[in-house]
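Close look at the chain arrangement
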Amino acid sequence: MMSKPLEILLLDDEVIVGKRLKPALGSIGCNVEVFQDPELAVKRIAEKDFDIVVTDIYMDGMDGLQVLELVHEKLPRTKVIMITGYAMISLAREAMEKGAFDFIAKPFKPDDLRAVIAKAAKALGFSIEFNPKSVRG
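Described in the following lines is the structure provided in the data block. Model, not experiment: these values are computed from the prediction.

**Brief notes about the pairing of strand β5 (residues 102-105)**
Where burial is concerned, the two faces of β5 differ: the one with D102 and I104 is buried and the one with F103 and A105 is not. The pairing of strand β4 (residues 79-84) with β5 spans four bridges and is classified as parallel. Residue pairing for β5: M82 is matched across the bridge by F103. The parallel pair β4 and β5, bridged by helix α4 (residues 89-97), forms a crossover whose chirality is right-handed.

**Quick notes on helix α3 (residues 64-74)**
What α3 keeps buried is the set G64, L65, V67, L68 and V71. Buried positions in α3, seen along its axis, are confined to an arc of 155° and lie on one side of it. As for α3, its buried residues are in contact with β1 (6-11), α2 (38-47), β3 (52-56), β4 and α4. One side-chain oxygen at the N-terminal end of α3 lies 3.0 Å from the backbone nitrogen of L65; it belongs to D63.

**A look at the nonpolar core**
In this structure, L6, I8, C30, I52, V54 and I117 are the most contacted members of the largest nonpolar core, which totals 24 residues. Those elements that place two or more of their residues in this core are β1, α1 (15-26), β2 (30-35), β3, β4 and α5 (110-124). With near-sequence residues (within four places) excluded, C30 lies in contact with L6, I8, L25, I117 and I128. Formed by 21 residues, the second largest nonpolar core is a distinct cluster that contains L11, A41, L75 and A92.

Rules behind the numbers
- Residues numbered from 1 in each chain as written.
- Predicted model: local features only at pLDDT ≥ 70, side-chain atom pairs only at ≥ 80, totals over all residues.
- Heavy atoms only, no water.
- Buried < 20%, exposed > 50% of the residue type's maximum accessible area, 1.4 Å probe, protein only.
- Helix = DSSP H or I, 4+ residues; strand = E, 2+ residues; numbered from the N terminus.
- Pairing = 2+ DSSP bridges.
- Right-handed = clockwise from strand over helix to strand, strands pointing away.
- Arc of directions from axis to C-beta.
- Contact = heavy atoms within 4.5 Å.
- Polar contact = N/O pair within 3.5 Å; in protein donor to acceptor, adjacent residues only side chain to side chain.
- Core = buried A, V, L, I, M, F, W, Y, C linked by side-chain atoms within 4.5 Å.

Quick look at the structure:
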């Protein structure tokens, strides 16, 4: 089991999402970089190897499926988690078919994301201690 922090890129065009989720993931020992702009996020993915990329599916300019494809080309072992609105569940399923690790539907609580991240971390061979009852926030 690896004990270095998980490197996570979080991409969502709603500022509030990054604001809420960065501390939620930091509290379970993750390094999180937050982006609102898909093009800037994609540039960053080209520069740095992330363990997990969490991306909104529906954004202006570029959608999460494009981000997923780019991540898979560069970093095949990176787990991609899609954030989706409830109306976009079919798109999320398509993303899963294209190799996304999982998806999470808005609105969700930080604990919901932490649980998905912990699952992805485990799949990568990381150990994240995540007990929803012990984490507040």
